[in-house]
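Residue-level listing of the chains:
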Amino acid sequence: ARLAQGEPVAPRETYEERLAYELGVIEQMGFPGYFLIVADFIKWAKAQDIPVGPGRGSGAGSLVAWALTITDLDPLRYGLLFERFLNPDRVSMPDFDIDFCMDRREEVIGYVQRKYGADRVAQIITFGAMLSKAAVRDVGRVLQMPFMQVDRLAKMIPVEGVKPVSIKRARKEEPRLAEAAQAEPVVGELLDIAEKVEGLLRNASTHAAGVVIGDRPLHELVALYRDPRAEMPATQYNMKWVEQAGLVKFDFLGLKTLTVIQKAVDILKGQGVALDISTIPLDDEKSYELYGRADTVAVFQVESSGMRDALRQLRPTCIEDIVALVALYRPGPMENIPKYCNVKNGREARASIHPLIDHILDETQGIIVYQEQVMEIARKMAGYSLGGADLLRRAMGKKIQAAMDAEKPKFIEGALANGVAKAKAEEVFDLLNKFANYGFNKSHAAAYALVSYQTAWLKANHPVAFMAAVMTCDIHLTDKLAVYKREADRMGLPVVAPCVNRSSAEFAVADGAILYALGGLKGVGVEAMRLIEDARADGPFRDLFDFARRVDLKRVGKRALEMLARAGAFDALDRNRRRVFESLDALAAYSAAEREAATSAQTSLFGETAPLPAPRLAVVEDWAPTDRLREEHAAVGFYLSGHPLDAYAEALRRKRILFHGDLARGRGGAGRIAGSVMKRQERKSARGARFAFVELSDPTGLYEVTVFSDVLLQARDLLEPGRNVVLTVEAEADGDQLKLLCRGVASVDDVAADAAAEGLRVFVSSEAALASLRTRLAEAAAVKRRGGPVEVVIRDPDLGAEIDLALDGQWPLTPEMRAAIKAAPGVLHVEGF
């Protein structure tokens, strides 16, 4: 069906010609079986509705792979080259890297085991080397040194990228290590031994994706290893040697984005929207507008701030632009992004290299971006076969000098035969040599650009379902959930707080809103939350006792119940979160007793189950607003229903103090901003001075400020997590973000106190409300702060008139106290005077 088009789409060949050529090469090299095995398990996976990626790596350049549905990109449509995958001039094993939904990858591996025999399928071993930090910790344990001391020494070793530097280098660059070694001989001994064992193999595990299949029981071919944590055996040869032992390797990779796409499709299906993601149009204006605005949080491959800056410059209008950007955004090629964007948008003229090859670079604005372009230029200008051009590309990319010295005369001779001047031929050869070093595999870029486009299309056209799917796939990553919640707020998508009567175990969609997942709370398992979801199948819970009767609270777990109470998930059953929290033990005992009674089948004389008396709930007042938010933050990981600074908004506005979002819209300058401290990371500069990165939040989101030593020394106590502060900052625009430097810190209560009203008038509904008010005022009185008078007005119809009471003394009139009094039961209204 895929080959039925039969139209010539490239100057080289038709589909039939290309297919015949590839089949001949595959037959000649002896690889038909490999293609058929891969096609079989991919076909099975798709039949089971397991998401499979459109392609990955050079395999997407094969028309045979596309015809067999191994890949989903038409290689002639995208100008992909088969010789980049299989080169008849250089015999090597084909290597299809296949992406599967991360949740269901194991099902495909299980199918392969059943198909070919469990004794003929195995994973591949990998060996973990002992890096510098691990070497220090292991040797310290052997020397029986105190754990805290060894941990401190290990943390002194600098990290470069994702790996720690060597111990030898750390001893040169980190003076604290040398000082520690001089102070204690045992530290010097530790470092000496650790330096000797560094790099040794420390442990064996299994390769994340590699699977081998043999034509006979594997123990007849290689030694096997059984990881006690895995069901499948593994080869004792690692990935480098296993193929040389005669085994065929297949890579089964898990790609989270495929899971995101599938979950979004499933959510839409539940709403009556049938969608085949493989058939979406590639010219959707809304999708390219989203790319152009760089609204790409959660969009595959283009989430980073650098990528978003590039998208704003590029303003892509076609899938080829996304392919090019995926290939360009790497160290080295990144320097060409401004030129690509300027030429595309008419801000800069395109440079011509030579009329023979200029058309090859049309899609990349005259810049050599892909390895396939290097190969095509060698074919077109110098008469290379594509197989020979691939050998030239490899020699250039790997800087194999001897091979390049042999190829250069051949290239120039071929170019001369095509009428190219010698000087121009040498210039082009040098140009290819430069770009081949970091040219990207277009087959891989095109496949991943297609996945990126699919996520962008979903976000542009079905944003609620897409964001719910994204949040579900990162359900246990609190930091990412906070980012996605801010993105949903920015997009104007409602996010409904967790609720035992509405929310599911995972993120869901209802009435155009995202329902926050019960399983998205900290320390709460998704499977435990499914118990609540299943119990609710008979209808919503009526009250806490009905909830305890229908849900086995012992299986849910006390910690999970506490997090649900803190997050307000029981608000639909009882709005007093503190009462629910302090009644959980009684409710759990009641739930267990109900189950025991049902099991023992004790019945009354009338043949009915004897009802158990409901437990007494704790008699306590609810948490004050700030305490409710603090408890909610502990459960959710960020502020969901409000923010501690909400109570200060009016006072801060009077003092012309901004939130970070307001400052960001101004794109720089200086000013004062308010925030709640989330965390502080202190560092030491090369000169030994301490500074800190402080992360804060406000109602507009999260932000970070740099605090240098002079301010840090004065304000360290104010910069503790949980404190509300006002910062004097200098702001500098950096791409789409602001770099903030802190010049001063003050307590938000001190700043807001100057803007507070002189006194407070509290209106209550009855005399009974006075008890709640008394409790809140007593808590407020403990705050040592400048105060003012408080008047209480009782509006009780039974009294026949309003009663005004002027309280003795002065009371701290902070915004926090005002919010706490306003939330007290029976309080009607609070106003300043």
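Small disclaimer: the values here were computed from a predicted structure and weren't measured.

Chemist: Can you walk me through the packing of helix α9 (residues 175-183) against helix α10 (residues 185-197) in this structure?
Modeler: Helix packing for two helices is described by the angle between their axes and how far apart those axes are. Look at α9 against α10: their axes get within 5 Å of each other, and the N-to-C directions meet at 125°. With respect to α10, the element α9 is oriented oblique. Here Leu177, Ala180, Ala181 and Ala183 of α9 lie close against α10, whose contacting residues are Pro185, Val187, Gly188 and Leu191. Its residues placed into classes, the contact of α9 with α10 shows seven nonpolar, one polar and no charged.

Chemist: Looking at this model, I keep getting lost on the sheet that holds strand β11 (residues 513-515). Mind explaining?
Modeler: Backbone hydrogen bonds are what pair the strands of a sheet, in a parallel or an antiparallel way. With mixed pairing, three strands are arranged side by side in an open sheet as β9-β11-β10. Each edge of the sheet is formed by a strand with only one pairing partner; in this case those strands are β9 (495-496) and β10 (508-510). Here β9 runs beside β11; their pairing, made up of two bridges, is parallel. Looking at β11, one finds that Val496 is bridged to Leu515. Here helix α22 (residues 463-473) sits on the sheet in contact with β10 and β11, set at roughly 20° to β11.

Chemist: Hey, could you run me through the packing of aromatic side chains in this one?
Modeler: Working definition: an aromatic ring pair is given by the centre-to-centre distance plus the angle between the planes. Scanning the model with the defined rule gives 25 aromatic pairs in all. Summarising the aromatic geometry, the rings of Phe41 and Phe250 are spaced 6.1 Å apart at their centres and angled 80° between planes, so their arrangement reads as edge-to-face. Of this pair, Phe41 sits in helix α2 (residues 32-47) while Phe250 sits in strand β8 (residues 248-255), and the two are 209 residues apart along the sequence. The class of Phe41 is buried, set by a relative accessible area of 1%. Against the face of Tyr78 rests Arg77, its NZ or CZ located 4.5 Å from the ring centre.

Chemist: Is there a simple way to think about the packing of helix α17 (residues 371-382) against helix α20 (residues 422-436) in this case?
Modeler: At a minimum axis distance of 10 Å, the contact between α17 and α20 shows a crossing angle of 165°. When the interaxial angle is binned, α17 and α20 end up roughly antiparallel. Considering the relative orientation of α17 and α20, their crossing is left-handed. Together, Val374, Ile377 and Met381 of α17 and Val428, Leu432 and Ala436 of α20 make up the contact between the two elements. For the contact of α17 with α20, the class distribution of residues is six nonpolar, no polar and no charged.

Chemist: Hey, could you run me through the sheet that holds strand β19 (residues 790-794) in this one?
Modeler: Taken in spatial order, the four strands of this open sheet run β20-β19-β17-β22, and their pairing is mixed. Both edges of this open sheet fall to β20 (803-806) and β22 (827-832), since each of them pairs with a single strand only. Direction aside, the axes of adjacent strands within the sheet are offset by 20° on average.

Chemist: How should I be thinking about the nonpolar core in this particular structure?
Modeler: In summary, soluble globular proteins display a tendency toward joint burial of nonpolar side chains. Formed by 140 residues in total, the largest nonpolar core has its most connected members in Phe411, Tyr516, Met529, Ile532, Phe547 and Phe570. Per-element accounting of this core gives the leading share, 12 residues, to helix α21 (residues 442-461). Excluding residues that lie within four positions of it along the chain, Phe411 makes contacts with Ala378, Met381, Ala382, Tyr384, Leu392, Ala425, Val428, Phe429 and Leu432.

Chemist: Even after reading the chapter, I still don't get unusual backbone geometry, so can you show me in this structure?
Modeler: With the exception of glycine, the majority of residues adopt a negative phi angle, and the majority of peptide bonds are in the trans configuration. Its identity is not glycine, yet Thr69 carries a phi of approximately 65°, on the positive side. Within the secondary structure layout, Thr69 lies in the loop between α3 (63-67) and α4 (75-78). Of note, the phi angle at Gln144 is positive, near 60°, even though the residue is not glycine. Residue placement: Gln144 occurs in the loop between α6 (132-142) and α7 (147-155). A relative accessible area of 72% means that Gln144 is categorised as exposed.

Chemist: I tried to follow the confidence of the model for the chain on my own but got confused; where do I start?
Modeler: For the chain, the mean per-residue pLDDT works out to 87, and 95% of the residues sit at or above 70. pLDDT under 50 marks residues 5-12. Its contacts with residues more than four places away, or in other chains, come to 16 contacts.

Chemist: Could you clarify how one ought to interpret the pattern of salt bridges in this entry?
Modeler: A side chain with one charge may pair with a side chain of the opposite charge, provided their charged atoms come close. Throughout the structure, instances matching the rule amount to 52 salt bridges. Note that Asp72 and Lys46 form a salt bridge whose closest N and O atoms lie 3.4 Å from each other. Residue Asp72 is found in the loop between α3 and α4, and its partner Lys46 is found in helix α2; the two are separated by 26 residues along the sequence. Given a relative accessible area of 30%, Lys46 falls into the partly exposed group. Salt-bridge contacts for Asp151 lead to Lys155; the nearest nitrogen and oxygen are separated by 3.1 Å. Separated by four residues within a single helix, Asp151 and Lys155 lie in helix α7, roughly one turn from each other. In this structure Asp151 comes out as buried when scored by relative accessible area, which is 13%. Each of Arg293, Asp295, Lys459, Glu487 and Arg490 takes part in one network of salt bridges that share partners.

Chemist: Help me understand the environment of Arg683 in this model?
Modeler: The residue Arg683 is located in strand β12 (residues 669-684) in this model. Separated by 299 residues in the primary sequence, Arg683 and Tyr384 have C-alpha atoms spaced 56 Å apart. Other than its neighbours up to four places away in sequence, Arg683 contacts Ala689, Arg690, Phe691 and Phe693.

Reading the values: rules and limits
Here the residue numbers are simple positions, counted from 1 along each chain's written sequence. Thresholds applied to this predicted model are a pLDDT of at least 70 for local features of residues and 80 or more for the giving and counting of side-chain atom pairs; totals over whole chains, interfaces and linings are not thresholded and use all residues. Remark: hydrogens and water are excluded; side-chain values derive from all non-hydrogen atoms of the structure. Note on geometry: axes are lines fitted to C-alpha atoms, helical ones only across the stretch in contact, with angles between N-to-C directions running from 0 to 180 degrees. Each helix is a run of H or I in the DSSP string that is no shorter than four residues. Each strand is a run of E no shorter than two, and both are numbered from the N terminus. For classification, angles of less than 35 degrees are called roughly parallel, those exceeding 145 degrees roughly antiparallel, those between 65 and 115 degrees roughly perpendicular, and all remaining angles oblique. Here a residue-residue contact requires only that any non-hydrogen atoms of the pair lie within 4.5 Å. Residue classes follow a fixed rule: Ala, Val, Leu, Ile, Met, Phe, Trp, Tyr, Cys and Pro count as nonpolar, while Asp, Glu, Lys and Arg count as charged, and any other residue, Gly among them, counts as polar. Strand pairing is assigned whenever DSSP detects at least two bridges linking the two strands. Two rings belonging to Phe, Tyr or Trp (six-membered ring only in the last case) form a pair when the distance between their centres is within 6.5 Å. Interplanar angles under 30 degrees mark stacking, angles over 60 mark edge-to-face geometry, and anything in between is tilted. Each residue is assigned to one of three classes by its accessible area relative to the maximum for its type, calculated with a 1.4 Å probe on protein chains only: buried under 20%, partly exposed between the two thresholds, exposed over 50%. To sit over a ring, a charge needs its Lys NZ or Arg CZ within 6 Å of the ring centre and within 35 degrees of the ring normal. By convention the crossing between two helices is left-handed if the near helix lies anticlockwise of the far one by an angle smaller than a right angle, and right-handed if it lies clockwise. The term nonpolar core refers to a set of buried residues drawn from Ala, Val, Leu, Ile, Met, Phe, Trp, Tyr and Cys, joined through side-chain atoms within 4.5 Å. Scored from 0 to 100, pLDDT reflects the predictor's confidence in each residue. Each reported salt bridge corresponds to a side-chain nitrogen of Lys or Arg within 4 Å of a carboxyl oxygen of Asp or Glu.

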